[in-house]
Each structure stands twice: as structure tokens, then as C-alpha cells.
Amino acid sequence: MSNHDKIFQARIDIETAAEISHATISEVMDNIDDDRYKYILLGVLQQQEGITRALETINEVLKVEREKAA
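Residues numbered from 1 in each chain as written. Predicted model: local features only at pLDDT ≥ 70, side-chain atom pairs only at ≥ 80, totals over all residues. Heavy atoms only, no water.

Undergrad: Residue-level account of the packing of helix H1 (residues 3-30) against helix H2 (residues 35-69), with values.
TA: Running from amino to carboxyl end, H1 crosses H2 at an angle of 155°, the nearest separation of the two axes being 10 Å. One finds that H1 runs roughly antiparallel with respect to H2. Pair H1 / H2 crosses with left-handed handedness. Across the contact of H1 with H2, the residue classes tally to 15 nonpolar, six polar and four charged. (Axes fitted to C-alpha atoms, helices over the stretch in contact; angles between N-to-C directions. Helix = DSSP H or I, 4+ residues; strand = E, 2+ residues; numbered from the N terminus. Parallel < 35°, antiparallel > 145°, perpendicular 65-115°, else oblique. Left-handed = near helix turned anticlockwise from the far one by under 90°. Nonpolar A, V, L, I, M, F, W, Y, C, P; charged D, E, K, R; others polar.)

Dropping the structure here:
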């Protein structure tokens, strides 16, 4: 497996994990009554948004690299 393929697979794995954890945390937030915990979970969701933005950057770089290689 090439380095590009390894990076591509890692990106897919991170994206999948981020989507699942976002859905899980959102579901817990919707079903919890304690506002303190909601704020904690909101902080986690905000960190996940940072991960999503980083993934978008990785996707853009991989796309440019793939186009250069073609």
C-alpha cells in the first residue's frame, strides 16, 4: 500500500470516527437534563468541529496532490 493510500485510508477512518462520535454526543446531549454536562459535551462537539475542519484541509491537499500525480 502506497503512502498516499495509507493517508487516504486514515482520513476515511478519522472521518468515520468523527461522524459516529458526533452523533453519539448529540444524542446524549438531547437526552440529558443536567446543564453542566450539556456544556461539557458542547465543548467536545466544538473540538470535533476543529477535527472536521482539519479533515477538510487534508482532503483539499490530497485532491491537489492526486491531480498533480495524474
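There's more to say after this.
Undergrad: Summarise H1; cite the residues concerned and give the values.
TA: Between its first and last C-alpha, H1 extends 40 Å over 28 residues, near the 40 Å set by a 1.5 Å rise per residue. The set of residues buried in H1 consists of Arg11, Ala18, Ile25 and Met29. Tucked inside the fold, the buried residues of H1 contact H2. N-capping of H1 is provided by serine 2, with a side-chain oxygen placed 3.1 Å from the backbone N of aspartate 5. (Expected span 1.5 Å × (residues − 1). Buried < 20%, exposed > 50% of the residue type's maximum accessible area, 1.4 Å probe, protein only. Contact = heavy atoms within 4.5 Å. Polar contact = N/O pair within 3.5 Å; in protein donor to acceptor, adjacent residues only side chain to side chain.)

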